Protein chains: 2
Amino acid sequence: MAPTPTEVDQKAINTIRLLAADMTAKANSGHPGAPMGLAPVAHTLWQYVMKFNSKNPNWFARDRFVLSNGHACALQYSMLYLYGYDYSLNDLEHFRKIGSKTPGHPERELPGIEVTTGPLGQGISNAVGLAIAEKHLAATFNKPDHKIIDNYTYAILGDGCLMEGVSHEAMAVAGHLQLGKLIAIYDDNHITIDGDTKIAFTEDVRKRVASYGWHILEVERGNTDVTEIYNAIEEAKKVDDKPTMICVKTIIGYGSFNQGTHGVHGSPLKADDIAHMKKEWGFNPEESFAVPKEVADLAKSRQEQGVKFEAQWNEEFKAYAAKYPNEAAELSRRIKGELPAGWEKSLPVYKPTDSAVASRKLSQLVLDDINSALPELVSGSADLTGSNLTNWKDVVSFQPPSTKLGDYSGRYMHYGVREHGMVAIMNGMDAYGGIIAAGGTFLNFVSYAAGAVRLSALSGHGIIIIATHDSIGLGEDGPTHQPIETLAHFRATPNVMVWRPADGNETSAAYKVAVESRHTPSILALSRQNLPQLEGSSIEKASKGAYVLNEDVTDPELIIASTGSEVYIARDAAALLAKQGKKVRVVSVPDFYTFDGQSEEYKLSVFPDGVPALSVEVMSAFGWDKYTHEHFNLDHFGASGPFQDIYNALEFTPEGIAKRGIATIDYYKGKAVNSRVHNAFKYLSQRGPGPFEPSH
Amino acid sequence: MAPTPTEVDQKAINTIRLLAADMTAKANSGHPGAPMGLAPVAHTLWQYVMKFNSKNPNWFARDRFVLSNGHACALQYSMLYLYGYDYSLNDLEHFRKIGSKTPGHPERELPGIEVTTGPLGQGISNAVGLAIAEKHLAATFNKPDHKIIDNYTYAILGDGCLMEGVSHEAMAVAGHLQLGKLIAIYDDNHITIDGDTKIAFTEDVRKRVASYGWHILEVERGNTDVTEIYNAIEEAKKVDDKPTMICVKTIIGYGSFNQGTHGVHGSPLKADDIAHMKKEWGFNPEESFAVPKEVADLAKSRQEQGVKFEAQWNEEFKAYAAKYPNEAAELSRRIKGELPAGWEKSLPVYKPTDSAVASRKLSQLVLDDINSALPELVSGSADLTGSNLTNWKDVVSFQPPSTKLGDYSGRYMHYGVREHGMVAIMNGMDAYGGIIAAGGTFLNFVSYAAGAVRLSALSGHGIIIIATHDSIGLGEDGPTHQPIETLAHFRATPNVMVWRPADGNETSAAYKVAVESRHTPSILALSRQNLPQLEGSSIEKASKGAYVLNEDVTDPELIIASTGSEVYIARDAAALLAKQGKKVRVVSVPDFYTFDGQSEEYKLSVFPDGVPALSVEVMSAFGWDKYTHEHFNLDHFGASGPFQDIYNALEFTPEGIAKRGIATIDYYKGKAVNSRVHNAFKYLSQRGPGPFEPSH
């Protein structure tokens, strides 16, 4: 039933506005305008709409909330504080200060924050993922007599989010998938940083979003009318086969002298402006961060209701568990994020005599073998299924049942040609819990998704990006599709694993570590071309990130370090050199990040002092200097042609590598050679989890 | 007047279809389906619509054509061959082979190819840039009696392009800007790689694109009806304040046994299939790459018309030059891509006593000073003008005059919050010629545009990305906005300059080299916080990419190499160390790419043998090993707080750097230290322009 707002509601809304104004003023930094405009929406959501228990922010059945315009986070922190999450007044007073719980944009490790937002367009795309996860787990676990998974996803987004390409991609997916329980609230305030939206944003947003298959609603009195906002949300809930966008007309910086202008977007309000508002609204102009008792009491009443919401659900879950013990146990496991015991035993293992297979195909063989042991795995592709080989036998598509193309329990996502949207959606699925999201595209086009990959790393989403066609080895498609800088880009990103397996065992190792790493995203760089199974590889050794492939060679005079599809060529080069009496160690380096995490002792055992090391990889040498003294890499773009022709032309052949191996040996003869894996002042270094590393 | 197609037109269309089928079959690779479906569109464009002179593909007044679905390039190569561009039958026969003129996706350095396409969504976005450039140069140079700039931009795009976020961004810009001379042809064939579009692409495309302010037209008989296609284009031309999208219904792989399925999308047709089509269409099934004489003659007639088009324009230009000699001289200069003599003299120069200024502001001071000397410079921002400081005093917005917000001669673009679209549009503006495109966002969000930056590098667009807020030094906005991996990403990309200037002279140097480099894109990483003017810096020295700041220190025992906002702190650290009797050289490294291009002699003069080097930069150490032995960098994400608090907490202070300097000196005492800038086997290296480097 629609609330009949009282004076206390109005007071609460003004309290929120003033908290945001005080926070940004005290910080002398931040964005007061959007929080002040959105205060009525936030009040309606927290007080009358959303189910949550602030005493257990991770209660699984809670409604999810995403602030896609993350710069408005003074709003979110104020709400979390008012509604009893673990925030103190002191936290609000230390907005945007080091070590506070109230950083400049919302971060996922904080209580009550579902996803890290700020980079525009990401949050609404994460919300699509949250809503997909809900639909999927509901379809998987609910029973006709027990709707154990049944929450809404709410997102607030602004003009900036709607302009970004990633939101276009994700919102199109949401419309196609008929995500009826996704409710987005568009802060329609006509202001961006550069000024009025008429400068650059004149499209018909409603028509556009409707074209994706969304349900569009309007709220005219967004600055004042809680009932109108509430009724629109109720209206949205009635349409269950379309996501809804509620367009709420607001005035940015409502109440300020400069309301409705971009002057209140990203700069704190002046003291006299805030004092004037306080007077107008019956607050003491001398007092900051004030929460009137009646406002606190109102919020407290909702907070107590939240405790009951969870208690009711716990009862419901008990009844479900009594009737469906297996499903309940499985759901509990997935909620906890525990992997099924022994899942890794289903990973395929190879012998050197097994036939040569492309690593993209090896990846599919892994999926074939692990998908039943790992039911939380949901795969997909950005319209390259037949190339990425991201599906498995008889996998069902995740689709609205009405399409007859699959159903919501399906474990395969057709993301369309939408790489950035795909990864941002995967982040949202991961944030929901109970799902391990994997998704494919060509390695080169993971760059389209760089913004989302970065957030995945920053907020610790253990997603798996299946990135095939990983080098010039893809051949004919040519330089527009051949990654050169891509591995360096993601190797340089904190908290990202970039696996480039050389054979079947290394591919299994990549999956093993990726699946076990629930807070580090993985990119699996996989070949289009066939790779032989290597003597000396194993899941265990490859799981260390780098290892010696030919341990039989003692006292080497050269190390060739290589990855993926070049390792077998490096091995053949070492064999050629052996015929010339040269003792050459071959090191396979499937993942820099994992290797960097090993002990210095282990690292020095792989790259010992006194032995020059040569890297061999058909892409940028950038970053290899941390392990190797010399490089046989590519510092230019590739070429279109059959793969073997390209490798031959560029001399990535046993002979070409051997030639450079000899040159390296000759150059370093008689010179002092220090291993590059030493670290002179580790104790002073910022490497590894630093003071501000996300806690998970 | 609409053409009355004859049997020869039909024969020409089937010739195009068969050429594409033969090319992909012979290559045993590539995409026959789209070319076969689009043959009638291509025939109509080349034979009846577009103005071009194949004997001078760079004739400035030509219509521009972009194949946004670049995988359909067998179509484009066939057309270029038929219409007399410098392609031979042999080129078609060597489709997708190394060294051929017919690589797997169209590349800009080839005759008749305006922009490199293939990565979906880029081409249509480039087309928006081409159309913007036309509008701008027309508004700048045309006179009431002389429309010297007056061409159309045509683009073909497919479902994949429309799904990509970048096309959403750029098409929204095109609608807002009312680019009436942009005509996009949508290949509406309902097939993507994963199958029918109903799997993932069910939005109402027409409604969506119309929402941006586009004019939408339909062609029902796209497989057969040249007249209907022609009439739609004529209809499109009548609307001059809206770009047009013509939705042409086609059947992918028209004529094949498997037409209309994704089976013909990305795999060559079988021999019997092709033979069957040839028989059906009256071709000799035994013969490949056949062009019937009447088809060749028809194309030849158009080709001859093209020579006349240019001759007419040359006459027109002569008349224009007679009446407006200054404008004609200026336009000629800009068409040739020559910079105004002495433009660089307007770059500001600083003394150490000048006040400390943020490098984003130093950048604006450059723009203030050079904009009148460099009228081809068109700046802009992705909705961060007040933060990026990308505008200059009294600059006029590029806007439709009807908006009263500017006009088409304006030199400032409001791109909206659309980073990827912005850079792709800038690539198109650059491709048109006569413009130097600059555009701003935060450095962290250049990652959103990675796909377009890569193409800029691959195809040699000399654009300038003004990337402010370049590190943790941006402070309060926090880790979501603080780049860690971004410099490494673009330093690892071939043919990209990543300038991080340390003061005013270095900022001027960055602009000097960026403006002079017409075939290398530049990213200028600029600080939010103030930087003092450095003793020892100069435009000349900084233009070498790296240089010794304190040449007075001889026989150093340590080198501290740093960039941007850390250089002055490194200098202060060196001063602290000097008090302890340590001789420390400070090297500023504003751009890796430029420094890598210097002689080994110069590089060794900066980083000599025997001296350990320590890098200091508040972001990823990845890649620094190529110059320095030890690193004081960041391998984790940043933090939200006032900038100086963050620097203090992370010890990026004179004392913190000095401490690590001492540790480095101590560690290397008595050890052999080789400079890292040596290259053991340069002659074998792939560094620098390789065999397949773009020629410009």
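Residues numbered from 1 in each chain as written. Chains lettered and ligands numbered in written order. Predicted model: local features only at pLDDT ≥ 70, side-chain atom pairs only at ≥ 80, totals over all residues. Heavy atoms only, no water.

Enquirer: So, the overall build of chain A: which residues are in play, and what are the values?
Expert: Scanning chain A from N- to C-terminus turns up 25 helices and 20 strands. The C-alpha radius of gyration of chain A comes to 28 Å, within 12% of the 26 Å expected for a compact globule of 696 residues. For the C-alpha atoms alone, the extent of chain A along its principal axes is close to 90 × 55 × 45 Å. Across the 696 residues in chain A, those meeting the buried criterion constitute 68%. (Helix = DSSP H or I, 4+ residues; strand = E, 2+ residues; numbered from the N terminus. Rg over C-alpha atoms; globule rule 2.2 N^0.38 Å. Buried < 20%, exposed > 50% of the residue type's maximum accessible area, 1.4 Å probe, protein only.)

Enquirer: Pulling in residues and values, what's your account of the relation of the copies chain A and chain B?
Expert: Overlay of chain A on chain B (RMSD 0.0 Å): rotation 180 degrees, translation along the axis 0.0 Å. Taken together, the rotation and translation relating the two chain copies correspond to the operation of a two-fold axis. The fraction of interface residues of chain A whose copies in chain B are also interface residues reaches 100%, indicating that both copies meet through the same surface. (Least-squares fit on C-alpha atoms with pLDDT ≥ 70 in both. Contact = heavy atoms within 4.5 Å.)

Enquirer: I'd love a proper account of the UniProt feature "binding site: thiamine diphosphate" (unreviewed entry) in chain A, names of residues and values included.
Expert: Residue and element names in this part refer to chain A. Residues annotated by UniProt as "binding site: thiamine diphosphate" (unreviewed entry) correspond here to His71, Gly118, Pro119, Leu120, Gly160, Asn189, His265 and Phe445. For this annotated set, covering 375 residues, the C-alpha atoms extend up to 34.3 Å from each other, a dispersed arrangement in space. Following the sequence through the fold, His71 ends up in the loop between strand E1 (64-67) and helix H3 (73-82). Overall, the relative accessible area of 13% leaves His71 in the buried class. (UniProt positions renumbered as here; feature names shortened; annotations may be inferred.)

Enquirer: Give a detailed account of the side chain of B:Ser471, specifying residues and quantitative values.
Expert: Counting through the fold element by element, B:Ser471 comes out in the loop between strand E12 (464-468) and helix H18 (486-491). Among the residues examined, B:Ser471 registers a relative accessible area of 0% and is labelled buried.

Enquirer: Could you give an account of empty space enclosed by the protein, with specific residues and numbers?
Expert: Residue and element names in this part refer to chain A. The tally for this structure, following the rule as stated, stands at eleven cavities of 30 Å³ or more. Its boundaries defined by the atoms lining it, the largest cavity holds a volume of some 120 Å³. As for the largest cavity, its lining consists of 14 residues, and the residues nearest its centre are Phe52, Asp63, Tyr85, Gly112 and Glu114. Looking at the lining of the largest cavity residue by residue, the classes come out as seven nonpolar, three polar and four charged. (1 Å grid on protein atoms, 1.4 Å probe; cavity = no way out; pocket = protein on both sides within 12 Å on 5 of 7 lines; lining within 4 Å. Points joined across faces, edges and corners; volume = space filled by probe spheres on them. Nonpolar A, V, L, I, M, F, W, Y, C, P; charged D, E, K, R; others polar.)

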